[in-house]
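# Per-entry structural report
Each chain, written out:
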Amino acid sequence: MVSRTMSMGAYDEAEHERRERMTSQVEPGTDDDRKTYRGSVEYDSGDSTDALLEQFKRMKSDD
């Protein structure tokens, strides 16, 4: 009796070819068109750099 096992990450040529066929058959849909964004964006920078560094130092000292 011959037993074959494949390790994780072993190359499977048949699987590779099957996936290649599947991806080559994908056609872009109409939903793939880029939309124009109109609006505004707000950015909250949060804490200052000094406050973040202090928090980092406290976290490191807790280790």
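Thresholds, definitions, all that
- Residues numbered from 1 in each chain as written.
- Predicted model: local features only at pLDDT ≥ 70, side-chain atom pairs only at ≥ 80, totals over all residues.
- Heavy atoms only, no water.
- Helix = DSSP H or I, 4+ residues; strand = E, 2+ residues; numbered from the N terminus.
- Buried < 20%, exposed > 50% of the residue type's maximum accessible area, 1.4 Å probe, protein only.
- Areas by Shrake-Rupley, 256 points an atom, 1.4 Å probe, with all protein chains shown as cover.
- Salt bridge = Lys/Arg side-chain N within 4 Å of Asp/Glu carboxyl O.
- Expected span 1.5 Å × (residues − 1).
- Polar contact = N/O pair within 3.5 Å; in protein donor to acceptor, adjacent residues only side chain to side chain.

## Section: the overall build of the chain
Looking only at helices and strands, one finds two helices and zero strands in the chain. Per-residue burial for the chain yields a buried fraction of 0% across its 63 residues. Accessible surface computed for the chain: about 7200 Å², of which carbon and sulfur atoms make up 49%.

## Comments concerning the pattern of salt bridges
The full count for this structure, using the stated rule, is three salt bridges. Among the salt bridges present, the one from Glu-15 reaches Arg-18, with a minimum N-O distance of 2.7 Å. Here the residue Glu-15 and the residue Arg-18 both occupy positions in helix α1 (residues 13-24), the gap between them amounting to three residues, near one helical turn. Between Arg-19 and Glu-15 there is a salt bridge whose closest N-O contact spans 2.6 Å.

## Digging into α1
The terminal C-alpha atoms of α1, which comprises twelve residues, lie 16 Å apart, in line with the 16 Å expected from a rise of 1.5 Å per residue. Where α1 begins, the side chain of Asp-12 points an oxygen toward the backbone nitrogen of Ala-14, at a separation of 3.3 Å.

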